[in-house]
Amino acid sequence: MPHPFLRDDFPIRWSTLAPDHIEADISKALTDAQAAVDAVAARCNDAPQTLTYANTLAALEDGLATLNRAWGLVTHLDSVCNSPELRAAHNAMLPKVTEFFAGIPLNQQLWQTLKAFGNSDAVAQLSATKQRYVHEELADFREAGADLPPQQKQRAGEIQQRLAALTQKYSENCLDATNAWEKIVTDRGLLAGLPASALAAAQQSAEQKGHAKAWRFTLQAPSLIAVLTYADNDALREEVWRAYAAVGRAAPHDNRALVGEILALRHEFAQLVGHQHFADHVTARRMAGSGEAALHFGEAIFAKIQQQFAAEVEALRGFKARATDRAPELLQPWETGYWAEKQRPANYAFDEAA
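Since the structure is predicted, the reported quantities are computational estimates derived from the model, not experimental observations.

J.: Even after reading the chapter, I still don't get the pattern of salt bridges, so can you show me in this structure?
T.: It is possible for side chains bearing opposite charge to pair when their charged atoms get close. Under the definition given, this model contains 26 salt bridges. With its nearest N and O atoms 3.9 Å apart, the salt bridge here joins Glu 172 to Arg 87. You can see Glu 172 sitting in helix α6 (residues 150-180) and its partner Arg 87 sitting in helix α3 (residues 84-103), a full 85 residues away along the chain. Glu 172 sits in the buried class, given a relative accessible area of 7%. Among the residues examined, Arg 87 registers a relative accessible area of 16% and is labelled buried. Through salt bridges that share partners, Arg 132, Glu 136, Asp 140, Glu 143 and Arg 285 make up one connected network.

J.: Sorry, what's going on with unusual backbone geometry here?
T.: With omega at 0°, the peptide bond leading from Phe 10 into Pro 11 counts as cis. Among the secondary structure elements, Pro 11 is positioned in the segment before α1 (22-41). Pro 252 follows Ala 251 through a cis peptide bond whose omega is 5°. By the secondary structure assignment, Pro 252 is in the loop between α9 (234-245) and α10 (256-272). The phi torsion at His 3 lies on the positive side, around 50°, for a residue other than glycine. With respect to the helices, strands and loops of the structure, His 3 is situated in the segment before α1. Phi at Ala 349 takes a positive value of approximately 55°, unusual for a residue other than glycine.

J.: When you look at helix α5 (residues 128-143) in this model, what are you seeing that I'm missing?
T.: Residue pairs three or four apart in sequence face the same way in an α-helix, which turns once every 3.6 residues. Taking 1.5 Å of rise per residue, 16 residues should cover 22 Å, and α5 covers 22 Å from first to last C-alpha, within 8% of that figure. For α5, every residue scored as buried is listed here: Val 134, Glu 137, Leu 138, Ala 139 and Phe 141. On its buried face, α5 is in contact with α2 (57-80) and α4 (108-118). One or two positions beyond α5, positive phi appears at Gly 145, with a value near 105°.

J.: When you look at a nonpolar patch on the surface in this model, what are you seeing that I'm missing?
T.: A cluster of nonpolar side chains, contributed by Tyr 170, Val 259 and Leu 263, occupies part of the molecular surface with about 240 Å² of accessible area. You can see Tyr 170 is positioned in helix α6. Residue Tyr 170 is classed as partly exposed on the basis of its relative accessible area, which comes to 33%.

J.: Just to check I follow, could you spell out the nonpolar core for this structure?
T.: In this structure, Ile 26 and Leu 110 are the most contacted members of the largest nonpolar core, which totals 39 residues. The element contributing the most residues to this core is α2, with ten residues. With residues up to four places along the chain from it excluded, the contact list for Leu 110 reads Val 37, Val 40, Ala 41, Leu 60, Ile 104 and Phe 141.

J.: Got a minute to help me understand the side chain of Thr 218 in this structure?
T.: By the element assignment, Thr 218 lies in the loop between β2 (215-217) and α8 (221-230). Here Gln 220 takes part through its backbone nitrogen, which lies 3.1 Å from a polar atom of the side chain of Thr 218. With sequence-adjacent residues up to four places away left out, Thr 218 is seen in contact with Trp 181, Ser 223 and Leu 224.

J.: How do you make sense of the packing of α3 against α6 when you look at a structure like this?
T.: Helix packing for two helices is described by the angle between their axes and how far apart those axes are. It is the contact of α3 with α6, at a shortest axis distance of 9 Å, that shows an interaxial angle of 150°. By the criterion of interaxial angle, the relationship of α3 to α6 is roughly antiparallel. Of the two elements, α3 crosses α6, and the hand of that crossing is right-handed. For the pair α3 and α6, contact is made by Arg 87, His 90, Asn 91, Leu 94, Pro 95, Thr 98, Glu 99 and Ala 102 and by Gln 160, Gln 161, Ala 164, Ala 165, Gln 168, Glu 172, Leu 175 and Asp 176, respectively.

J.: I'm lost on the environment of Thr 218 in this one. Help?
T.: On the basis of relative accessibility, which here comes to 10%, the residue Thr 218 falls in the buried class. Sequence-wise, Thr 218 and Phe 302 are 84 residues apart; in three dimensions their C-alpha atoms are separated by 33 Å.

J.: It is not clear to me how the environment of Asp 234 should be interpreted in this structure. Could you clarify?
T.: Mapped onto the secondary structure, Asp 234 falls in helix α9. When neighbours within four sequence positions are excluded, Asp 234 is seen to be in contact with Trp 334 and Glu 335.

Basis of the calculations
- Residues numbered from 1 in each chain as written.
- Predicted model: local features only at pLDDT ≥ 70, side-chain atom pairs only at ≥ 80, totals over all residues.
- Heavy atoms only, no water.
- Salt bridge = Lys/Arg side-chain N within 4 Å of Asp/Glu carboxyl O.
- Helix = DSSP H or I, 4+ residues; strand = E, 2+ residues; numbered from the N terminus.
- Buried < 20%, exposed > 50% of the residue type's maximum accessible area, 1.4 Å probe, protein only.
- Expected span 1.5 Å × (residues − 1).
- Contact = heavy atoms within 4.5 Å.
- Patch = residues over 30% accessible without salt bridge, like charges linked within 9 Å, V, L, I, M, F, W, Y side chains within 5 Å.
- Areas by Shrake-Rupley, 256 points an atom, 1.4 Å probe, with all protein chains shown as cover.
- Core = buried A, V, L, I, M, F, W, Y, C linked by side-chain atoms within 4.5 Å.
- Polar contact = N/O pair within 3.5 Å; in protein donor to acceptor, adjacent residues only side chain to side chain.
- Axes fitted to C-alpha atoms, helices over the stretch in contact; angles between N-to-C directions.
- Parallel < 35°, antiparallel > 145°, perpendicular 65-115°, else oblique.
- Left-handed = near helix turned anticlockwise from the far one by under 90°.

What is shown is where atoms sit, not what they do.
Shown next, in the form of structure tokens:
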């Protein structure tokens, strides 16, 4: 099937979307999308009265639709069905796709065309929905640096490309670190408390990896949550929790340097487009309106729940103390889910596993 990523089938034919089609399909989609951008940009010198919703914003949206859909399929597969071949194909095209999308709001002729239509009397004749779309699209362009001078536009594009590469590497490190860890248990006695469904899944996982008469646990959510919620063995819960907490914090999947660079670049970009910091940049067009308002909102929620939270924590400590016949003490992170689950059937006759 030619260009499977460019088809608009529904339901999507996932079996046809092989990694070896990505380069050709996305390259074609980029070429077609660039032609659409150029066509709208070429109207920058047209008389304002000749500009319409159809030949400006709608034409741009239609021209980008195939690329948006195709790249969306690639990134979705990269998230849920990652493989070396898919990752290589995705990462080979990522810089080109990022450069293309980052360049759209920085395209001076395109911006002139859209701004000329956006400021024209024709907008007032549109439906309320289309007027809202025009307003939001122009705001998106300004937020991405459309009004910046040429040198700053170039820097904005460089930042967006670098951020795309860094955040992709961050995600890969998290995925690879998660997949790299496993715990093989051969002593059934260490697994007391785990429900039959969790044991069966762990046994099947071990068999698939060539371990007979064993149980395999990973940092994938179904395995992780089962251990932290039900395993009676403190040492097992602690080992799993510490492994999960270490994701992205150790070689060869260390994200710490990436985080510093990502934050620095986000801050630089926010200031480049006129905001004090990244929090203000992100919230400027949202309900919060500013980073400070969002922070105060979080603080207000904390103030409202602090007393109730403290009471529930104290109750959980007391429950553990009574169950173990020991004095109340602080709970470790790998204990809270376990003792909360023990508390539910005891206090509320509620059994999560059942």
